[in-house]
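# An overview of the molecular structure
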Amino acid sequence: MAVQAPAVVVRAAPRASRGLWRDALRRLLRNGPAMLGLLFIAIFVAAAILAPLISPYDPTVGVIGEAKHGPSLQHLMGTDSVGRDEYSRVLFGARISLTVGSVAVLTGLVFGCLVGALAGGAGGIVDTILMRVVDVLLAVPGILLAIGIVAWLGQGQLQIVLAVGISYAPIFARLLRGSLLALRESDYVMAARSMGASPARVLLRHMLPNALTPLIVQATLAAATAIIDVAGLGFLGLGPGDPRVAEWGEMLTGSAGFLQNAPYLIFFPGAAIVISAIGFNLLGDGLREALDPRLKR
Amino acid sequence: MKRLASLVCLVALIATACSSSGATQAVNGGNLIVGLDGDMVYADPSLVSDGNSLYVAAQVVQGLVGLKPGTISEVVPVLASALPTVSSDGKTYTFALRTGVKFHDGTTLDAAAVKFNYDRWNAYTKGDLQDNAYYYGAVFGGYGADSNIASVTAPDANTVVMTLKAPQSNFLLAQTLQVFGIQSPTALKNDKADTTPLKDNNYAQGKGESMVGTGPFKFKEWQAGDHITLTKFADYWDTANAAHVDTITFKPMGDSTAKLQALQSGGIDLAETISPTDVATAKSSNLTVLDRGQSCNMGYLGLNQSLQSKSGGAATPTIYANKSVRFAVGEAINKQGIIDALYGGQAKIPQSWMPPATTGFKAETIPGYDAAKAKSDLAASGLTADQLKIDLYYPSSVVRPYMPDPKNEAQAIAQDLTAAGFAVSLKTEDWHGGYVSDATNGDLPMFLFGWTCDWAGADNFLNTAFFGYSGGKPNPQFGYQNDQMNTLFGQALQAPTVDAANALWGQAQDLIAADLPTIPIVNSTPPGAYTSKIHGFVGAGNAIEYFNTVWIQ
Amino acid sequence: MLRFIVRRVLGAIPILFGLSVILFMFLRLLPGDPAIAILGQHATPQLIAQIHETLGLDKPLYVQYLNYLGQLLQGNFGASIIDSRAVADTFAIRFPITVELTIGALIFAVGLGIPLGRLAARHPNGWIDGLVTVVSLFGISIPIFVLGYTLAFIFAVELHLLPYPGPIDPRLSVDPVTHFPIIDAVLSGNPGAVVDAFAHLILPAIALGSIPLAIVTRITRASVIDVSNEDYVRTARAKGLTRKRVDDRHIMRNAWLPVTTVIGLQVGSLLGGAVLTETVFGWPGVGSWVVTSIQNHDYIVVQSLILIFATIFLTVNLIVDIGYAFLNPRIRYS
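Rules behind the numbers
Residues numbered from 1 in each chain as written. Chains lettered and ligands numbered in written order. Predicted model: local features only at pLDDT ≥ 70, side-chain atom pairs only at ≥ 80, totals over all residues. Heavy atoms only, no water. Helix = DSSP H or I, 4+ residues; strand = E, 2+ residues; numbered from the N terminus. Buried < 20%, exposed > 50% of the residue type's maximum accessible area, 1.4 Å probe, protein only. Contact = heavy atoms within 4.5 Å. Areas by Shrake-Rupley, 256 points an atom, 1.4 Å probe, with all protein chains shown as cover. Lys, Arg positive; Asp, Glu negative; His and termini not counted. Charge placed at Lys NZ, Arg CZ, Asp CG, Glu CD. Phe/Tyr/Trp six-rings, centres within 6.5 Å; stacked < 30°, edge-to-face > 60°. Lys NZ or Arg CZ within 6 Å of the ring centre and 35° of its normal. Disulfide = S-S within 2.5 Å. Pairing = 2+ DSSP bridges. Axes fitted to C-alpha atoms, helices over the stretch in contact; angles between N-to-C directions. Left-handed = near helix turned anticlockwise from the far one by under 90°. Nonpolar A, V, L, I, M, F, W, Y, C, P; charged D, E, K, R; others polar. Core = buried A, V, L, I, M, F, W, Y, C linked by side-chain atoms within 4.5 Å. pLDDT = per-residue confidence, 0-100. Buried area = accessible area lost by both parts, 1.4 Å probe. Salt bridge = Lys/Arg side-chain N within 4 Å of Asp/Glu carboxyl O. Polar contact = N/O pair within 3.5 Å; in protein donor to acceptor, adjacent residues only side chain to side chain. 1 Å grid on protein atoms, 1.4 Å probe; cavity = no way out; pocket = protein on both sides within 12 Å on 5 of 7 lines; lining within 4 Å. Points joined across faces, edges and corners; volume = space filled by probe spheres on them. Patch = residues over 30% accessible without salt bridge, like charges linked within 9 Å, V, L, I, M, F, W, Y side chains within 5 Å.

Moving on, we get to the overall build of chain C. For chain C, the helix and strand inventory stands at 13 helices and 0 strands. Mapped from its N terminus to its C terminus, chain C presents α and β elements in the order α-α-α-α-α-α-α-α-α-α-α-α-α. Reported as C-alpha extents along the three principal axes, the dimensions of chain C are approximately 80 × 55 × 40 Å. In chain C, buried positions account for 55% of the 334 residues. Put simply, 74% of the contacts in chain C that link residues at least 6 apart link residues at least 24 apart. Counting every atom, chain C has about 13,900 Å² of accessible surface; 69% of that belongs to carbon and sulfur. Counting 22 positive and 20 negative side-chain charges, chain C places the averaged centre of each group 18 Å from the other.

So, in structure tokens, the structure goes:
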């Protein structure tokens, strides 16, 4: 009777149980691109931790008379609109931006997976209702959804990050639920079920691990957009508040108008976001392949 | 006759059309594409108060008097043939009308038409019409029986007599606003221009015939959000100053980078404003940057001496009630540094609480940047460490001519205040989403704000925008009590002549400068720009600019 | 199948109703006031109160909602608080512009994304794969406004290759008939106008399409790799079928499924992305209208637009779901 939903990833590989994680780790370590991604992330994490030691200037205080000076030996990445050292700000910015990106995505994953697993696992009327709600949330432009959540939760760094994360949840929910529905009908799940495994066990042990591929792809992509979206809320006046605290997304959106007169103020924070995004994605790819036993070569 | 010719020449300040100037000859024809800061709101100029609608209206409708192009406060006759004669009690203004003036629908301007328009505005009903027609009510103190206009009469076809209940020193200057542009009574009646609600009002929505005035351009079409098109009016009364271009298309473009790039790529010919930080870029890419000359605004740091309670309780005094704290704040801020970094140099440090070209301006001594003195003044003020923790508010999602980059300006001021010894927290609210109302209700202790002149009179800044009392109490925005000042305001507003008023405004400015209730930061001139094909454009600091002089080559 | 469609359509009604309630409350919870947008710097408590009275904003929320719902049920989306124009009228003018932009972006994203994804999947972790990854990530991690300004700067300002801004040069005076810029250009019978309209579309379509391009590329790559490892593909290869035949007949037919899901989801974010793209490129579509309406707190316009967006999105996803049945015979709608 259930509305059989469309398959997202149709596949029929049962999962090995023991030694899996060790295998996966070994595959990950041998994956060149993934290690490059890990290196990118490691560099930024190091920058974030060491920022107070290696920053040449205070990232929050500038000299108005030295505003928007181009890159030089004194200021490797130039100075911003109120005369602060851009290099110090990029280093300090790693702290907030990396946290913001990962926390937002994790929030989205947690909420999305709860809803997606419930819908895909339970099926029937639960699925129908949850998915229609998800459809509605998807139809509201994400940034607007986030604005509403901020209005609801109040202003603040944490609220913003949660808001952006929650606005991603519907996409994760829909992806997960699609994969789960396809898996429900697959041979090995039916086999597990016929052998008397409980529905929860089937869901957690057999279906979820195999449904993660599209989620990982989407999540690693979202880590990059989260940084931008958080800054976008700041743009609308719902941001964390103190613009003196360095944060890449904010540094980038705040320089939107300087393409022609101070392009370095776009380039450096932009490059930091792009490189960390590439890092997250290469690592995500490696992770996905490492977790997929069929991809052994 | 000769005098008239030179007057006409003066009126329009057409450098090229007047024999006295310019070697190059104006070329007729062509379509001018103008990047407007935003869309119009209504196509009936009497129902608007926003800059975009007024910018378009200036091309289409004309009032009895106007401003000399390029200036912000020099009143010149337009549909009147000369400035009015004023009775000695300052209550009766007699205007002689120009003859041979045609409306865009072909009907003729006469005194009855002028009377019709003034009577129409005075009769605006409560609701949609009064809500949108801000200026009539603001200038005359209300509508109908509340209005300061006792009567408008037309003793003969070319004479209009306006009688006021009480003298009003800003009367003539305020009549230069485009909202007092005279429209064709025939068109207004035929198109049922007074229809409410406005969603059923086709005239106001520009769906057919709209803004039927006497200007050098007439309204053609308005596609909301996309463009407004005006065409040259063939029967314009001032033949010497008829339009050169065939059409003007106004394109609403809110985004400043988009405007700059549209100019550089030739997609538009002229931008009403560009971002001040793009001035150098524009100059280097062969664009002419428009110098608007006289500023007509003021950006300031607002200080509130008496914080209102949002829950309705009693107001609490703030540290800014202490005069030496206010002076310390004033001395701490490096205004020139801010002007150079964030205004592209397109602004000046104010010398009073209004820009210098304003009627009634008096230069005052305002504390300048002196970091050491700020420190010592603050130390002398005896504030505790806890009192030195202050909140500085700035608005988000907004750019104003006097405040092109509020977030960075707030950070720059915060740096200076921190150096002086304050511990500054930056706070922000959305401009429409609470900032304006919180500031004007007196809920913000220290805030970035400003004022764009409605008309360039001392009354508009000192009384309307800043320190005028309402209901017998100081403006809650600043909590600045100075009864002597407010008495002077009242006397100046009702002074029978402009000169008498100006003397009183001068005294008021002396009182204010001695107290430094707010910190004036800039008088800016928002830059505009145009491509090398465009000639003959005259800019003005209040953005009342006329395109009849513009030609394309 | 028909029953499935009918049920989905009927199911959409309570959802849209619920959304209208939530939206209504949501928007009014946001700090802000359309009266201030109308009054600008002249906002005083008295004038604000007067405007609230005129607009009925002083009435209890549930009364305001019922008034709005009453209008909606008569098929009336209300009128803007700021300029009094009927939402339906303005929508009819602006929506075609956004549709043209969205289609342009989708063609760019799908047309380029699928071949790129297949190319990358051919040699996973090879240098081509790496290059494709970097290019597509570039697209997704650069905000639309930076990409948009940069594209316009390079191709319109510096090289003068493509026109900017807007959907068509106003100097051509093309009469708006359908309000689709390209169709109107065709109807005007001026070949120059048609070329101009297409040229205006290229840059904003690339800017808007950059995020879906990255996603389509990545998902195509991932699902092609997935499918390539399936037994039946190995079997097909073992049977000695040509590479092209295996690619087309066995791999792509199955890999299409997740790609289609994502394309369906992207239609929603394209409408959202159009918000920024239209502002950057000066397109007078629905996106730039949302921006100004949110800034002005024009509640009626914002809530009606989101309801319309939601309806479109539900429809597109219904079509996508139906599309599955054709793409994958294993799915049956009971």
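Turning next to the overall build of chain A. When helices and strands are counted, chain A shows 11 helices and 0 strands. Reading the helices (α) and strands (β) of chain A from amino to carboxyl end gives α-α-α-α-α-α-α-α-α-α-α. For chain A, with 297 residues in total, the buried portion stands at 59%. Contacts in chain A between residues at least 24 apart in sequence constitute 74% of all its contacts with a sequence separation of at least 6.

Another point: unusual backbone geometry. Residue Thr 196 of chain B is joined to Pro 197 of chain B through a cis peptide bond whose omega torsion reads -10 degrees. Relative to the assigned elements, Pro 197 of chain B resides in the loop between helix 7 (185-190) and strand 8 (217-223). Residue Tyr 164 of chain C is joined to Pro 165 of chain C through a cis peptide bond whose omega torsion reads -5 degrees. Examined against the element boundaries, Pro 165 of chain C turns out to sit in the loop between helix 7 (144-158) and helix 8 (181-187). Even without being glycine, Lys 68 of chain A reaches a positive phi, approximately 50 degrees. Note that Lys 68 of chain A resides in the loop between helix 2 (32-54) and helix 3 (86-122). A positive phi is found at Ala 543 of chain B, a non-glycine position, where the angle reads about 60 degrees.

A few words on the packing of aromatic side chains. Within the structure shown, the criterion is met by 38 aromatic pairs over all chains. Residues Phe 140 of chain B and Phe 171 of chain B carry aromatic rings whose centres are separated by 6.0 Å and whose planes lie at 50 degrees to one another, so their mutual orientation is tilted. With Phe 140 of chain B in helix 5 (residues 134-140) and Phe 171 of chain B in helix 6 (residues 171-174), this residue pair connects regions lying 31 residues apart in the sequence. With respect to class, Phe 140 of chain B is no different from Phe 171 of chain B; both count as buried. One aromatic cluster is present, built from ring pairs that chain together Tyr 300, Trp 431, Tyr 435, Phe 447, Phe 449, Phe 461, Phe 466, Phe 467, Phe 478 and Tyr 480 of chain B. One Lys or Arg, Lys 68 of chain A, reaches over the ring of Phe 258 of chain A and ends 3.7 Å from the middle of that ring. The lysine or arginine in question, Arg 85 of chain C, covers the ring of Trp 222 of chain B, its NZ or CZ lying 4.2 Å from the ring centre.

With that settled, consider the state of the cysteines. All names here are of chain B. Under the defined criterion, the tally for this structure stands at 1 disulfide over all chains. At a sulfur-sulfur separation of 1.9 Å, the disulfide partner of Cys 296 is Cys 453. In this structure the cystine formed by Cys 296 and Cys 453 twists about its S-S bond by roughly 110 degrees; its chirality is therefore right-handed. Pair noted here: Cys 296 is in the loop between strand 12 (288-290) and strand 13 (297-303) and Cys 453 is in the loop between strand 19 (446-452) and helix 15 (458-467), with a separation of 157 residues, a long-range link.

Residue and element names in this part refer to chain B. The strand order across the open sheet built from 7 strands is 8-9-10-1-11-21-12, with neighbouring strands paired in mixed fashion. Taken across any chain shown, the strands that pair with only one partner, and hence form the sheet edges, are strand 8 and strand 12. Pairing analysis gives 3 bridges linking strand 12 to strand 21 (residues 528-530), with the strands arranged antiparallel. Among the inter-strand pairings, Thr 288 is bridged to a residue of strand 21, identified as Tyr 530.

This part takes up the packing of helix 5 (residues 87-122) of chain C against helix 9 (residues 191-228) of chain C. All names here are of chain C. Relative orientation of the contacting elements helix 5 and helix 9 amounts to 35 degrees, with a least axis distance of 6 Å. Relative to helix 9, helix 5 is oriented so that their crossing is right-handed. Grouping the amino acids of the contact of helix 5 with helix 9 by side-chain chemistry returns 19 nonpolar, 8 polar and 3 charged.

Another point: the nonpolar core. By size, the foremost hydrophobic cluster in this structure holds 308 residues, and its most contacted members are Phe 95, Tyr 118, Leu 301, Trp 353, Phe 422 and Phe 466 of chain B. Per-element accounting of this core gives the leading share, 17 residues, to helix 9 of chain C. The contacts of Trp 353 of chain B, once residues within four sequence positions are left out, are Met 298, Ile 366, Phe 461, Leu 462, Phe 466, Phe 467, Ile 512, Ala 513, Leu 516, Pro 517, Thr 518 and Pro 520 of chain B. Residues Met 40, Val 61, Ala 224 and Ala 243 of chain B belong to the second largest nonpolar core, which totals 29 residues.

Let us now look at the environment of Asp 146 of chain B. Residue and element names in this part refer to chain B. Within the secondary structure, Asp 146 sits in the loop between helix 5 and strand 6 (149-156). Judged by its relative accessible area of 59%, Asp 146 is exposed. Put simply, Asp 146 and Asn 122 are 24 residues apart on the chain and 9.3 Å apart in space, counted from C-alpha to C-alpha. Excluding its chain neighbours within four sequence positions, the residues that come into contact with Asp 146 are Phe 140, Gly 141 and Lys 165.

Moving on, we come to the confidence of the model for chain C. Low pLDDT means the predicted atomic positions in that stretch should not be read closely. All names here are of chain C. Within chain C, residue pLDDT values average 85, and 96% of them lie at 70 or more. For chain C, the element scoring lowest by mean pLDDT is helix 11 (residues 243-281), at 76; helix 8 scores highest, at 94. The complex model carries a pTM of 0.88, and its ipTM stands at 0.88.

A word on the sheet that holds strand 5 (residues 92-96) of chain B. All names here are of chain B. Taking strand neighbours across the sheet as the criterion, the 4 strands line up as 4-5-7-6 in an open arrangement whose pairing is antiparallel. Single-partner strands in this sheet number two, and they are strand 4 (85-86) and strand 6. Across 2 bridges, strand 4 lies against strand 5 in antiparallel orientation. Paired with Thr 85 across the bridge in strand 5 is Thr 94. Together, strand 6 and strand 7 (159-164) form the strand contacts of helix 3 (residues 111-122), whose direction differs from that of strand 6 by roughly 165 degrees.

Glancing now at the interface of chain B and chain A. Across the contact, 27 residues belong to chain B and 25 residues belong to chain A. A combined buried area of about 1,900 Å² lies between chain B and chain A, and 46% of that area is made up of carbon and sulfur atoms. Applying the counting rule to chain B against chain A returns 1 salt bridge. Notably, a salt bridge pairs Glu 250 of chain A with Lys 407 of chain B, separated by 2.3 Å at the nearest N-O pair. Summed over the shared surface of chain B and chain A, the number is 7 residue pairs in polar contact (both at pLDDT 80 or more). At the level of elements, helix 8 (256-265), helix 11 (335-342), strand 17 (389-396), helix 13 (406-420) and strand 18 (423-430) of chain B are the ones that each hand at least two residues to the side of chain B that touches chain A.

A residue-level look at chain A finds 86% of positions with pLDDT of 70 or above and a mean pLDDT of 80. The lowest-confidence element of chain A is helix 5 (residues 142-153) of chain A, averaging 72 in pLDDT; the highest-confidence one is helix 2 of chain A, averaging 92.

Below, the discussion takes up the layout of surface pockets. Considering only enclosed or pocket space, the second largest pocket measures out at about 1,400 Å³ in volume. Breaking the lining of the second largest pocket down by element, the ones donating at least two residues are helix 5, helix 14 (431-440), strand 19 and helix 15 of chain B together with helix 3 (45-55) of chain C.

Take a positive patch on the surface next. All names here are of chain C. On the surface, Lys 239, Arg 245, Arg 249 and Arg 253 cluster together into a positively charged patch. Here Arg 253 shows up in helix 11. The partly exposed category is assigned to Arg 253, whose relative accessible area is 46%.

Right, let's talk about the environment of Arg 201 of chain A for a bit. Here Arg 201 of chain A lies in helix 8 (residues 199-207). Between the alpha carbons of Arg 201 of chain A and Ile 147 of chain A there is a distance of 38 Å; along the sequence they are 54 residues apart.

This part takes up helix 14 of chain B. With 10 of its 10 residues buried, helix 14 of chain B lies for the most part within the structure. When we look at burial in helix 14 of chain B, the residues that qualify are Trp 431, His 432, Gly 433, Gly 434, Tyr 435, Val 436, Ser 437, Asp 438, Ala 439 and Thr 440 of chain B. Buried residues along helix 14 of chain B sit in contact with strand 17, strand 18 and strand 19 of chain B together with helix 2 (34-39) and helix 12 (286-295) of chain C. Its side-chain oxygen at 3.1 Å from the backbone nitrogen of His 432 of chain B, Asp 430 of chain B defines the N-terminal cap of helix 14 of chain B.

Turning to the side chain of Ser 396 of chain B, a few remarks are in order. Residue and element names in this part refer to chain B. Counting through the fold element by element, Ser 396 comes out in strand 17. A relative accessible area of 8% places Ser 396 in the buried class. Polar side-chain contacts of Ser 396 include one of 3.2 Å to the side chain of Thr 428.

A few words now on the pattern of salt bridges. A full pass over the atoms with the stated rule returns 21 salt bridges over all chains. Across the salt bridge formed by Asp 377 of chain B and Lys 373 of chain B, the nearest N and O atoms sit 3.5 Å from each other. Pair noted here: Asp 377 of chain B and Lys 373 of chain B are both in helix 12 (residues 371-380), with a separation of 4 residues, about one helical turn. Asp 169 of chain C is the partner of Arg 171 of chain C in a salt bridge, and the nearest nitrogen-oxygen pair spans 3.4 Å.

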